[in-house]
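Architecture at a glance
Single-letter residue listing:
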Amino acid sequence: MNRERREQLRERLRGLGFDVVRFAAADTVVDRGLREWLAAGHQAEMTWLERSADKRLDPQLVLPGAASVIVLGVNYWPGREVAGTTFARYALHQDYHDTITPALKLAGHAIEELCAVGAADYRYYVDAGPVLERGWAAAAGLGFRGKNANVISREHGNWLLLATILVRVPFAADEALAATEPGRTGLFCGKCTRCLDACPTAAFPAPGVVDSRRCISYHTIENRGFVPRELRAKFGARVFGCDECLAVCPWNRFAQTGRSELLARRHDLAQLGLVELLRLTPERFREVFRGTAVKRTKLAGLLRNACIAAGNVWAADAPDPAGGRPAAAAELVRLAGHESPVVRGHAVWALRRVLGADRAATDLATARAAETEPVVLAEYVD
Ligand code: B12
Ligand code: SF4
Ligand code: SF4
């Protein structure tokens, strides 16, 4: 397919709100060790990554006859810092899966019209498909793969969400950023190691490799059960996702403000206080997080995360200028009687950090004696 047609399509897709539109040939090898990563157990409990590994490694298993992969980037940098580190920046929007998908549908129509193909000739995904999105993005020259594992754009920094379209049309491919060694991790990192040094949980066994078992993003978003005790104190105030290894990257200084046409900002989420999160009821959870990525944790997951954050923010030796500690402790006592054992366990852990083990035991025993909180403390004592 000639370059003119590719450029026409690029313009159409940019017009739909995508900030970056790049093309790769579907026979490009974009795997740099998925099976080794899985064999090392770095996927933690994300067993769906193992189940879909064959497809991730071979686009022909996803769309037989695929000739090109179109990689789309959506910039989510709001142009200024939003106060608060409780939610990862991408989560301060309506769920991007929901807001980007309609544009992908329109992108499909544009392909049909410009290339005279049918709906069966392409498949699109945003995040959830069996596609190595970062690999395709690097191959198509959208950016380079940083030591933080993220694909970093020289125009948008670390703040690009990715989507892909597999298509049976052979477009001329765009070039990767450095044709000589396109697969090298940290191609434009130089000697910098800021992201590796900044990771609170030492989740990088090697540059560019994330061990999800140690990653705060994994635990606060994907893990449904107990968070390893030895990691909890390192989570800080984070309750959903983690941006630390992205935020410290010097390439962000080049980030343009996102047009945000395919995103609906929800900066109000950043205003939610931690005590408010501890007090979430099922109704309030639905009301606040409807249509956002945060709903993925379900209420119990978010309460668990809020307990960990409260245990860190109001740890006994931490300053408490705003005086939130007593209110947080009261909520933790209440959550120690929550119906979910995961919430109960993390509430007790946090209470022991906030009040000290003796006072936590007394408060819980008092609550139990009043038969308001049916927690069995012994189960959770370490
Ligand atoms: C599983 C997953 C996670 C896991 C594991 C993360 C990881 N590093 O693999 C967890 C839950 C921890 C996670 C966290 C986050 N994630 Co995530 N995640 C995914 C998902 C669904 C699959 C990633 C995967 O396959 N991992 C396995 C590893 C081995 O694969 P990989 O890192 O992609 O590397 C492979 C290829 O890229 C290739 N490759 C590597 N380098 C190069 C270089 C070249 C030139 C080539 C050709 C190929 C190549 O080889 C590797 C092995 O096959 C993707 C969406 C998708 N469908 O791809 C989003 C995705 C990677 N996540 C994303 C984001 C935004 C995040 C977070 C920032 C969210 C947050 N704020 O909390 C963090 C960042 C953590 C980090 N530093 O990686 C974005 C990344 C956007 C970008 N610009 O890079 C994606 C693409 C989602 C999206 N559609 O936008 N995530
Ligand atoms: S997302 Fe956070 S915990 Fe995960 S690798 Fe990056 S800095 Fe470490
Ligand atoms: S922080 Fe430094 S080492 Fe990490 S990805 Fe950015 S430039 Fe590379």
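Only a predicted model underlies this, so the values are computations on that prediction, with no experimental measurement involved.

1. Some thoughts on the site of ligand 3
Taken together, the residues surrounding ligand 3 are G146, K147, N148, I152, C189, C192, R194, C195, C249, P250 and W251. Residue classes in the shell around ligand 3 are distributed as seven nonpolar, two polar and two charged. Residue assignment places the shell around ligand 3 across two domains, with domain 1 (3-167) and domain 2 (194-380) each supplying three or more.

2. Focus on empty space enclosed by the protein
Summed over the entire model, instances satisfying the criterion amount to three cavities of 30 Å³ or more. Empty space within the largest cavity amounts to approximately 60 Å³. By residue class, the composition of the lining of the largest cavity is five nonpolar, two polar and four charged. Approximately 40 Å³ is the volume attributed to the second largest cavity. Put simply, the parts of the chain that give the lining of the second largest cavity at least two residues each are α4 (53-57) and α5 (59-62).

3. Structural notes on the site of ligand 2
Lining the immediate environment of ligand 2, one finds C199, P200, T201, A203, F204, C215, I216, C242, E244 and C245. Split by residue class, the shell around ligand 2 holds eight nonpolar, one polar and one charged.

4. Some remarks on the packing of helix α14 (residues 298-313) against helix α16 (residues 341-355)
Geometrically, a packed helix pair is captured by the angle between its two axes and the distance between the axes. Taken N-terminus to C-terminus, the directions of α14 and α16 make an angle of 10 degrees; their axes are 8 Å apart at the nearest point. Relative to α16, α14 is oriented roughly parallel. On α16, the residues touching A300, L303, R304, C307, I308, A310, G311 and N312 of α14 are V342, V343, H346, A347, W349, A350, R353 and V354.

5. Digging into the side chain of N223
Locating N223 in the fold gives a position in the loop between α9 (216-222) and α10 (229-232). In this structure the side chain of N223 is engaged in a polar contact, spanning 3.0 Å, whose partner is the side chain of H219. Once residues lying within four places of it in the same chain are set aside, the contact partners of N223 are Y218 and R304.

6. Overview of the sheet that holds strand β3 (residues 122-125)
Within the open sheet, the four strands sit side by side as β1-β2-β6-β3. Their pairing is antiparallel. Strands with a single pairing partner mark the edges of an open sheet, and in this sheet they are β1 (20-25) and β3. Averaged over all pairs of adjacent strands, the angle between their axes in this sheet comes to 20 degrees, without regard to strand direction. Sheet contacts for helix α1 (residues 3-15): β1 and β2 (68-75); angle to β1, the most-contacted strand, approximately 140 degrees. The sheet strands contacting helix α6 (residues 96-115) are β2, β3 and β6 (160-167), and the helix crosses β3 at an angle near 160 degrees.

7. So, helix α17 (residues 357-369)
With 13 residues, α17 should cover 18 Å at 1.5 Å per step; its first-to-last C-alpha distance of 18 Å lies within 8% of that length. Along α17, the residues classified as buried are A360, L364 and A367. The arc that holds every buried residue of α17, seen down its axis, measures 60 degrees, which confines them to one face. Relative to its buried face, α17 has exposed residues pointing more than 90 degrees away, namely D358, T366 and A369.

8. Topic: the domain arrangement of the chain
Along its sequence, the chain is carved into domain 1 (3-167) and domain 2 (194-380). With centres defined by C-alpha atoms, the gap from domain 1 to domain 2 works out at 29 Å. Taken together, the contact pairs 55 residues of domain 1 with 51 residues of domain 2. Approximately 4500 Å² of surface area, both sides summed, lies buried where domain 1 meets domain 2, with 58% of it carried by carbon and sulfur atoms. Along the contact surface separating domain 1 from domain 2 lie three salt bridges.

Definitions and cut-offs
Residues numbered from 1 in each chain as written. Chains lettered and ligands numbered in written order. Predicted model: local features only at pLDDT ≥ 70, side-chain atom pairs only at ≥ 80, totals over all residues. Heavy atoms only, no water. Near = heavy atom within 4 Å. Nonpolar A, V, L, I, M, F, W, Y, C, P; charged D, E, K, R; others polar. Domains from an automatic or database assignment. 1 Å grid on protein atoms, 1.4 Å probe; cavity = no way out; pocket = protein on both sides within 12 Å on 5 of 7 lines; lining within 4 Å. Points joined across faces, edges and corners; volume = space filled by probe spheres on them. Helix = DSSP H or I, 4+ residues; strand = E, 2+ residues; numbered from the N terminus. Axes fitted to C-alpha atoms, helices over the stretch in contact; angles between N-to-C directions. Parallel < 35°, antiparallel > 145°, perpendicular 65-115°, else oblique. Contact = heavy atoms within 4.5 Å. Polar contact = N/O pair within 3.5 Å; in protein donor to acceptor, adjacent residues only side chain to side chain. Pairing = 2+ DSSP bridges. Expected span 1.5 Å × (residues − 1). Buried < 20%, exposed > 50% of the residue type's maximum accessible area, 1.4 Å probe, protein only. Arc of directions from axis to C-beta. Buried area = accessible area lost by both parts, 1.4 Å probe. Salt bridge = Lys/Arg side-chain N within 4 Å of Asp/Glu carboxyl O.

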